[in-house]
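One letter stands for each residue in the lines below.
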Amino acid sequence: MIKLSVVVPCYNEEKNIPLILDRFASCITRDDIEVILVNNGSTDNSHKVLDELIPKYSFARTVRVEKNQGYGYGILFGLSHSQGQFIGWTHADMQTDPADLIKALDILDRHPQPDRCYVKGRRRGRPIWDTFFTFGMSVFETIYLKTLLIDVNAQPNVFHRQFFKSWINPPHDFSLDLFALYMAQKQKLNVIRFDVNFPKRIHGHSSWNTGLASKWKFIKRTLQYSIKLKGELKHGVYRTSN
């Protein structure tokens with residue numbers, strides 16, 4: 001029986017895929033964890049790298065999205081193919097340590113009600129400007145949605161499968177991180193945060209965090225989704241408590 005399924009969306013991460021697989025191999029010491037690398041419509045050689053490397057790692061498998069439809073879509077696609085009692089995701093850029101997933105699972109293993117928990121990282125070691133930006137977004141989201149929403153895009157995110165099954169109309173872009181944390185708070189799950197390091201990328205470039213223009217685009221997209229989310233909650237689209 002699979003205890004934890006980890007989804008890793010990979011978009012043009014051909015150089016990071018070998019690193020993340022090796023890192024998972026070094027920290028997974030149990031046979032009830034699966035890692036699902038989602039080829040999220042990559043246009044580089046990710047598919048060749050995955051086809052070559054995946055058979056070498058017993059804990060890993062891959063699924064493919066033919067055309068990229070967003071960060072959130074790739075995660076949702078991977079979650080729909082998962083088998084674990086607990087499921088979650090992290091990034092493929094090596095700015096989030098795969099070992100953090102093991103820490104999250106350890107937290108769940110020690111908790112008396114793991115099915116009512118949502119375990120999420122809290123980033124440390126980031127540039128001052130990025131930290132300031134995140135703080136500002138956290139304050140806005142918390143005030144506007146009247147729910148504690150701090151460091152929304154931190155990784156990893158781990159929770160019970162039943163929570164995932166309760167989702168209605170989750171977003172297909174980066175707003176998925178906001179949606180998941182918001183719904184966890186609204187369903188009164190025990191949100192457990194733990195510190196994670198956030199180093200610089202080793203290979204490649206961020207697909208969104210490329211300067212002031214990209215941050216402004218992210219802000220506008222987040223504002224638009226926040227308005228949509230609040231409106232849908234007001235009209236009873238979501239179930240907010242068990």
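Coordinates for the structure precede this section.
Residues numbered from 1 in each chain as written. Predicted model: local features only at pLDDT ≥ 70, side-chain atom pairs only at ≥ 80, totals over all residues. Heavy atoms only, no water.

Caption draft 1: Seen up close, the sheet that holds strand β5 (residues 117-124). On the basis of which strands lie adjacent, the open sheet formed by seven strands has the order β3-β2-β1-β4-β6-β5-β7 and mixed pairing. Two strands bound the open sheet, and with one partner strand each, they are β3 (60-65) and β7 (190-197). Here the average twist between neighbouring strands, direction ignored, is 20 degrees. Note: β5 against β7, eight bridges, orientation parallel. Along β7, the bridge assignment pairs Arg 123 with Val 196. (Pairing = 2+ DSSP bridges. Helix = DSSP H or I, 4+ residues; strand = E, 2+ residues; numbered from the N terminus. Axes fitted to C-alpha atoms, helices over the stretch in contact; angles between N-to-C directions.)

Caption draft 2: Quick peek at the pattern of salt bridges. As enumerated under the stated definition, the model contains ten salt bridges in all. In this structure, Arg 23 and Asp 97 form a salt bridge, with 2.8 Å as the shortest nitrogen-oxygen distance. With a gap of 74 residues between them, Arg 23 in helix α1 (residues 17-27) and Asp 97 in the loop between β4 (86-89) and α4 (99-110) connect regions that are remote in the sequence. Classification of Arg 23 as partly exposed rests on a relative accessible area of 29%. The partner of Glu 232 in a salt bridge is Lys 228, with the nearest N and O atoms 2.8 Å apart. Here Lys 228 and Glu 232 lie together in helix α8 (residues 212-234), a separation of four residues that amounts to about one turn. Residues participating in the shared-partner salt-bridge network are Lys 3, Arg 30, Asp 32 and Asp 109. (Salt bridge = Lys/Arg side-chain N within 4 Å of Asp/Glu carboxyl O. Buried < 20%, exposed > 50% of the residue type's maximum accessible area, 1.4 Å probe, protein only.)

Take it as geometry only, folks, not as evidence of what the structure does.
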